[in-house]
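Tertiary structure, described
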Amino acid sequence: MTTQRPLPHLEALGGPAQGNPAQGSPAPRRPARTARAPAAQPSLKPQPPPRPTPRPTPRPPSMPRRVIAVALPHLAAEQRLRREGLSGLAVPFALAGQDGGALRLTSLNAVAEAAGLARGMGLADARAICPRLLTRPAEPERHAAFAAALARWAERFAPLVGQGAAGALVLDATGCAHLFGGEGAMLEAILGGLAAHGLTARAAMADTKGAAWALAHFGGDRLAIAAPGSARARLADLPVAALRLAPDEAAALAATGLATIGDMAGVQRAQLARRFGLTVMRRLDQAFGAEPEPVAPARAVPRFATRLTLPEPIGLVSDLVAGLDRLLERLCAALEAEQQGARALRLTARRVDGADTGAVIRLARPLRDPMRLRALFQPKIEALDAGFGIDALRLEATRTEPLRPRQSSGPASSPASGPASGPASGPASGPAPNPSGPQFAGTSAEDRLADLLSRIGNRIGFENLARYLPAESHIPERAFTVAAAAWSDPGDWRAARSPGAPPRPITLFAPEPVFAEPEAPSPVTQAPGAPAPSTPAPGAPAPDNARPAGTRLPPPARFRWRGRSLTLAAAEGPERLAPEWWWDDPAWAAGVRDYWRIATAEGPRLWLFHTPASPAGPAWHVHGAFA
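To start, this report covers the structure provided alongside it. Computed from a prediction, not measured in an experiment: that's the story for all the values here. (Residues numbered from 1 in each chain as written. Predicted model: local features only at pLDDT ≥ 70, side-chain atom pairs only at ≥ 80, totals over all residues. Heavy atoms only, no water.)

As for the overall build of the protein
Tallying secondary structure elements over the protein gives 16 helices and 21 strands in all. When each of the 627 residues of the protein is scored for burial, the buried share is 36%. Excluding contacts between residues fewer than 6 apart, the proportion of contacts in the protein whose partners are at least 24 apart in sequence is 59%. (Helix = DSSP H or I, 4+ residues; strand = E, 2+ residues; numbered from the N terminus. Buried < 20%, exposed > 50% of the residue type's maximum accessible area, 1.4 Å probe, protein only. Contact = heavy atoms within 4.5 Å.)

In structure tokens:
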């Protein structure tokens, strides 16, 4: 047996052979050498410096949320004193309003509060406690408008301003304090501005809306600032009513020994929720920041106004009308985009001497048709005093209402419905409207009636325009109601009356006596189904609601009314009307009435009645006149 040796050339190249010669394992092959690339030659051009490695920009720390609450405890009373020029009145003053059929104090000034009066107290009790009390009737609409204006004024301090109960203000002042020199300076600026308007206020700033509201209303300080993260400690000693709870909820918590917010925070949440409901827990979480509560600003009221600045002063009526046409086109386009219609518009013309002149029109219906509005402005423009010239025009819709368009039935309509469907103007409304303009609800006749009411109302006042609407009653005096023509739609008199009902006179007045002249009665025409005016047979029962010895009498053949002697030519009736038992009307105390529609030989067509059950006998009266 021969022993294998490694090859000589392997020993010379790599030293000792690899592998086990005794076992005959082959030696591994060495990897082949690769050719090295030639070294790069240095470039003679200047190389740009290497770019520095970008470092991640550090994220700024999150800005803590800051909310301001402003309490205005005497807002309504001080607003009324400010309007009357009595700001700072040193006499007890309060506003009284109806509450459950009684007069109660709704707002009072600081002097009345110091005298022992409180909101919600009866007016009689308040006068007994403080005989010097000066009162005025409450005006909720004016108070709401003033509170809204105050919220707009507060937008100079923060972008988000909301309103709370009793006119309180809530401002989201996150990131705004440095603009006023700090949080304290910002609160001082707010309180100073309110004091300049004659209003007493307290302000507080905290992390949450609930905490700021509690410190402003129950903190006792004129100015309070809770540092970020300290709301829980600042609210611990305040009463539970500071959580904006209902009075009965606050009383129930106090009855169980939970008088302060700190006492509530120390009780298990499950027990509070089970005993007092989720509302209490939600208010507690909102005050501590566990539940978010954003500041909800009031929705901005859209304003519809446009202006035109002129390069040279104008003074001719035609030039003013041309400028008005441009303003009307833009204003009506803005109204159409919001589906609104104007009810009142104001045109302001600025003269070169700095004085303003203008014209105001009101409308019987919402409108945004430029041509019809121009026709209503035309008489007003002719009466303007241009002075030495007008260099600017401004048109504003001061009152708007929703007005949704309807699809037109076509470019032409039947002769009975007018020349065209959609908006149209009568002969006195100026030029016809653009057929391609927006289409409005209502027919051509309704639009012409609205334009007529608008023209008359702008001359004599809309409060002097009224229309009659049908009412559900068979009594002539109560069969209609009177409504403002500009704020009501025409009633359907045909649908209000049952089919086959007798007609009613076109003129209705208080019953006027008629004096019958003795003469032979003339033949009369009976209404269908009405009993004949004849004498009953002997022994026959007397009719209901009739005199024991009388029947339904025909109208007199000759009678005297308003100093005239009239002769009966034709009559139709009778129509018996009974009084409504739920109305205590002295005019109908005599009982039922028998009405006749008569025509006289002299011309008048009258509505006569007599009362069969009258103790004084059958007296005839005229209640109305037909056309």
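Re the sheet that holds strand β5 (residues 160-163)
If you trace the five strands from one edge of the open sheet to the other, you get β5-β6-β1-β7-β8, paired in mixed fashion. Strand pairing shows two members of the sheet lacking a second neighbour, β5 and β8 (223-225), which therefore form its edges. Between one strand and the next, the sheet's axes are offset by a mean angle of 15°, whatever the strand orientation. Direction of pairing for strand β1 (residues 67-71) relative to strand β6 (residues 169-172): antiparallel, over a ladder of four bridges. (Pairing = 2+ DSSP bridges. Axes fitted to C-alpha atoms, helices over the stretch in contact; angles between N-to-C directions.)

Some thoughts on helix α15 (residues 444-460)
Over its 17 residues, α15 runs 25 Å from end to end, which matches the ideal 24 Å to within 8%, given 1.5 Å per residue. Considered for burial, the residues of α15 that qualify are Ser444, Asp447, Ala450, Asp451, Leu453, Ser454 and Gly457. Buried residues belonging to α15 abut β11 (356-367), α14 (370-382) and β13 (466-470). Gly461 sits one or two residues past α15 and shows a positive phi near 100°. (Expected span 1.5 Å × (residues − 1).)

Description of the side chain of Arg80
Turning to its location among the elements, Arg80 is positioned in helix α2 (residues 75-83). Judged by its relative accessible area of 10%, Arg80 falls in the buried class. If near-sequence neighbours (up to four positions away) are discounted, Arg80 is found in contact with Phe93, Leu95, Arg136, Pro137 and Glu139.

Remarks on the packing of aromatic side chains
Overall, the coordinates contain eight aromatic pairs when judged by the stated rule. One aromatic cluster is present, built from ring pairs that chain together Trp153, Phe157 and Phe180. A cation sits over an aromatic face here: Arg593 above Trp588, 3.9 Å from the ring centre. (Phe/Tyr/Trp six-rings, centres within 6.5 Å; stacked < 30°, edge-to-face > 60°. Lys NZ or Arg CZ within 6 Å of the ring centre and 35° of its normal.)

As for the packing of α2 against helix α5 (residues 140-153)
At a minimum axis distance of 10 Å, the contact between α2 and α5 shows a crossing angle of 95°. One finds that α2 runs roughly perpendicular with respect to α5. Along the contact surface, α2 presents Leu75, Ala76, Gln79, Arg82 and Arg83, while α5 presents Arg142, His143, Phe146 and Leu150. For the contact of α2 with α5, the class distribution of residues is four nonpolar, two polar and three charged. (Parallel < 35°, antiparallel > 145°, perpendicular 65-115°, else oblique. Nonpolar A, V, L, I, M, F, W, Y, C, P; charged D, E, K, R; others polar.)

Re the sheet that holds strand β9 (residues 304-314)
Within a beta sheet, neighbouring strands are joined by backbone hydrogen bonds and run either parallel or antiparallel to one another. What the four strands build is an open sheet, ordered β9-β12-β10-β11; its pairing is antiparallel. In this open sheet, the two strands that pair with only one neighbour each are β9 and β11. Strand-to-strand twist of the sheet, defined as the mean angle between neighbouring strand axes without regard to direction, takes the value 15°. Bridging between β9 and strand β12 (residues 390-402) involves seven bridges; their strand directions are antiparallel. When the bridges of β12 are listed, Arg307 appears paired with Arg394. Relative to the sheet, helix α13 (residues 317-337) contacts β9, β10 (340-351), β11 and β12, its axis offset from that of β9 by approximately 160°.

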